[in-house]
Amino acid sequence: MAARYQLRLAANGQHYFNLTAENNKIVLTSEMYDSKAAAEQGIEAVRSNGPQAERYDRRRSVDGQDYFVLQAANHQIIGQSEMYRSSAALENGLQAVMRVSAEAEVFEVT
């Protein structure tokens, strides 16, 4: 299966997207946006920033799990990964985002 951005409408009326890798696993989730157009702009921000290694910040949650965030040039967070049990798994997820973010298709989930 091809990588894709899954554009969704949340129950609260806001829009968000998930980026899935080739194996259909979610590798990045966006923030909530007030409009579909704003979420689409978020996708474009991931497309342009995703391939750039310096845009990632590796973090650890309070319960000790690893995750990463993708930041724009202004350091605003534009996406966050799932929680990983190891730093090796985190690196695999990060590499997946770098690999697929620029070319993934957009699929609207209704």
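Residues numbered from 1 in each chain as written. Predicted model: local features only at pLDDT ≥ 70, side-chain atom pairs only at ≥ 80, totals over all residues. Heavy atoms only, no water.

K.L.:
Sorry if this is basic, but what is going on with the overall build of the protein here?
P.N.:
In terms of regular secondary structure, the protein is built from 2 helices and 7 strands. For the protein, the α and β elements follow one another from N to C terminus as β-β-β-α-β-β-β-α-β. A compact globule built from 110 residues should have a C-alpha radius of gyration of about 13 Å, and the protein, at 13 Å, falls within 12% of that. A principal-axis box enclosing the C-alpha atoms of the protein has dimensions of 35 × 30 × 25 Å. Within the protein, the proportion of its 110 residues that are buried is 44%. When contacts within the protein are restricted to residue pairs at least 6 apart in sequence, long-range pairs at least 24 apart make up 43% of them. Total accessible area computed for the protein in this model is approximately 6100 Å², and 48% of it derives from carbon and sulfur atoms. (Helix = DSSP H or I, 4+ residues; strand = E, 2+ residues; numbered from the N terminus. Rg over C-alpha atoms; globule rule 2.2 N^0.38 Å. Buried < 20%, exposed > 50% of the residue type's maximum accessible area, 1.4 Å probe, protein only. Contact = heavy atoms within 4.5 Å. Areas by Shrake-Rupley, 256 points an atom, 1.4 Å probe, with all protein chains shown as cover.)

K.L.:
I'm lost on the pairing of strand S3 (residues 26-29) in this one. Help?
P.N.:
Consecutive side chains along a regular strand alternate between the two faces of the sheet. Relative to S3, strand S2 (residues 15-20) runs antiparallel, the two sharing 3 bridges. Across the sheet, Asn-18 pairs through a bridge with Thr-29, a residue of S3. What sits between the antiparallel neighbours S2 and S3 is a turn of 5 residues, in which Asn-24 has the positive phi angle 70°. (Pairing = 2+ DSSP bridges.)

K.L.:
When you look at the side chain of Gln-6 in this model, what are you seeing that I'm missing?
P.N.:
One can find Gln-6 in strand S1 (residues 4-9). On the basis of relative accessible area, Gln-6 is assigned to the buried category, the value being 11%. Within polar-contact distance, the side chain of Gln-6 engages the side chain of Arg-8 at 3.3 Å. With residues up to four places along the chain from it excluded, the contact list for Gln-6 reads Tyr-16, Phe-17, Asn-18, Thr-20, Asn-24, Phe-107 and Val-109. (Polar contact = N/O pair within 3.5 Å; in protein donor to acceptor, adjacent residues only side chain to side chain.)

K.L.:
I would appreciate a short explanation of unusual backbone geometry in the present structure.
P.N.:
With the exception of glycine, most residues fall at negative phi, and the peptide bonds are largely trans. The phi dihedral of Asn-24 is positive, around 70°, even though this residue is not glycine. Within the secondary structure layout, Asn-24 lies in the loop between S2 and S3.

K.L.:
Explain the environment of Glu-108 to me, please; I cannot follow it from the model alone.
P.N.:
Inspection of the secondary structure assignment puts Glu-108 in strand S7 (residues 105-108). Distance in space between the C-alpha atoms of Glu-108 and Arg-8 is 6.3 Å, their sequence separation being 100 residues. Setting aside residues no more than four positions away along its own chain, Glu-108 makes contact with Leu-7 and Lys-36. At a separation of 2.8 Å, a polar atom in the side chain of Glu-108 contacts the side chain of Lys-36.

K.L.:
Just checking my understanding: could you explain the packing of aromatic side chains for this structure?
P.N.:
In this description, an aromatic ring pair is defined by two values, namely the gap between the centres and the angle between the planes. Enumeration over the complete set of coordinates arrives at 4 aromatic pairs. Between the aromatic rings of Phe-17 and Tyr-33, the centroid separation amounts to 6.3 Å while the plane-to-plane angle is 10°, which identifies the pairing as stacked. Taken together, the residues span a long stretch of sequence, with Phe-17 in strand S2 and Tyr-33 in the loop between S3 and helix H1 (36-49) at a distance of 16 residues. With respect to class, Phe-17 is no different from Tyr-33; both count as buried. Arranged with centres 6.3 Å apart and planes meeting at 10°, the rings of Phe-68 and Tyr-84 form a pair that is stacked. With Phe-68 in strand S5 (residues 66-71) and Tyr-84 in the loop between strand S6 (77-80) and helix H2 (87-100), this pair connects stretches of sequence that are 16 residues apart. Each member of the pair Phe-68 and Tyr-84 is classed as buried. (Phe/Tyr/Trp six-rings, centres within 6.5 Å; stacked < 30°, edge-to-face > 60°.)

The quantities given are spatial measurements derived from coordinates; they are silent on function.
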